[in-house]
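Overview (structure and organization)
Chain residues, written in single-letter form:
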Amino acid sequence: MISRSITNPRRHESYPRRLQTFPLERHVGLVRRPGGIISVPGRLPENGDVSKTQKLTKLLLNVNIERTFGPVQVVMTMEDTVRDLIRAAVEICVKEKRRPLLKETDPDLFQLHYSQFSLTSLKADDNLRSLRSRNFFLCMKPSTASSCSKGAKMANQTSFPFTSFMDFLL
């Protein structure tokens, strides 16, 4: 233990403040930081190039699912495909019972996008290694029936018949 005295300029008094250090012979692989003890790897490559010795084997991917709160985090290998990522994200969402519950749990009914504003979906056979991002958006594939025609049918079946009369007046 090393002790230092620090002078307080207001009181002109000194009080001892102790700093903790570790004996080097006992804790060679440890470093003291303000947050606590952090272990340091024993050997680093001599030339300083870590990328040659360590290869990335798994990816942490964030998948936002349509109408759910927060992303689903999925760990996948680099050889997996987009189809595998969709299947894993749907399984995690069902397993965690995220609200609102998914109406369909068949992974073939979903498509993956880079964001919710992206119009083109990713191909199901693409490898995750070739993708440009680690954040994705998962949504249902568009159905064969037009959503506009469904909205028009619902508008005609409303309990307020005067709304169609108002359209006539405009």
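Named according to an unreviewed UniProt entry, the chain is DUF7054 domain-containing protein originating from Tripterygium wilfordii.

On to the nonpolar core, then. The biggest cluster of nonpolar side chains holds 22 residues, and the ones touching the most others in it are Leu85, Leu112 and Leu138. In terms of residues, this core owes the most to one element, helix H1 (residues 82-95), which gives 7 residues. In this structure Leu85 touches Leu61, Val63, Val74, Met76, Leu112, Leu128 and Phe136, once residues within four positions along its chain are discounted.

On to the confidence of the model for the chain, then. Residues of the chain with pLDDT of at least 70 account for 53%, and the chain-wide mean is 75. Below pLDDT 50 for its whole length, residues 145-149 participates in 1 contact with residues either more than four positions away or in separate chains.

Attention now moves to the side chain of Arg98. Looking at the secondary structure, you find Arg98 in the loop between H1 and strand S7 (110-113). What makes Arg98 buried here is its relative accessible area of 18%. At a separation of 3.1 Å, a polar atom in the side chain of Arg98 contacts the main-chain carbonyl oxygen of Phe69.

Evaluation of the coordinates by the stated rule reveals 1 aromatic pair. Arg132 extends its terminal NZ or CZ atom over the ring of Tyr114, reaching a point 4.5 Å from the ring centre.

Before going further, it helps to spend a moment on the sheet that holds strand S5 (residues 58-65). Paired through backbone hydrogen bonds, the strands of a sheet run either parallel or antiparallel to each other. Spatially, 4 strands are ordered S6-S5-S8-S7 in an open sheet, and the strand pairing comes out mixed. Each having just a single partner strand, strand S6 (72-77) and S7 make up the two edges of the open sheet. Within the sheet, the average angular offset between the axes of one strand and its neighbour, ignoring direction, is 35 degrees. Summarising the sheet, S7 and strand S8 (residues 135-140) pair through 4 bridges and their orientation is antiparallel. Note that in S8 the partner of Gln111 across the bridge is Cys139. Helix-sheet contacts for H1 involve S5, S6, S7 and S8, and the interaxial angle to S6 is about 140 degrees.

What follows covers the pairing of S8. Relative to S8, S5 is paired through 4 bridges, and the arrangement is parallel. Bridge assignment links Ile65 to a residue of S8, and that residue is Leu138.

Among the structural elements, Tyr114 can be located in the loop between S7 and S8. In this structure the C-alpha to C-alpha distance between Tyr114 and Phe137, which are 23 residues apart in sequence, comes to 5.9 Å. Beyond its immediate stretch of four places on either side in the chain, Tyr114 contacts Leu122, Leu131, Arg132, Ser133, Asn135, Phe136 and Phe137. In terms of polar contacts, Tyr114 uses its side chain to reach the backbone amide nitrogen of Arg132, at 3.5 Å.

What counts, and at which threshold
- Residues numbered from 1 in each chain as written.
- Predicted model: local features only at pLDDT ≥ 70, side-chain atom pairs only at ≥ 80, totals over all residues.
- Heavy atoms only, no water.
- Core = buried A, V, L, I, M, F, W, Y, C linked by side-chain atoms within 4.5 Å.
- Buried < 20%, exposed > 50% of the residue type's maximum accessible area, 1.4 Å probe, protein only.
- Helix = DSSP H or I, 4+ residues; strand = E, 2+ residues; numbered from the N terminus.
- Contact = heavy atoms within 4.5 Å.
- pLDDT = per-residue confidence, 0-100.
- Polar contact = N/O pair within 3.5 Å; in protein donor to acceptor, adjacent residues only side chain to side chain.
- Phe/Tyr/Trp six-rings, centres within 6.5 Å; stacked < 30°, edge-to-face > 60°.
- Lys NZ or Arg CZ within 6 Å of the ring centre and 35° of its normal.
- Pairing = 2+ DSSP bridges.
- Axes fitted to C-alpha atoms, helices over the stretch in contact; angles between N-to-C directions.

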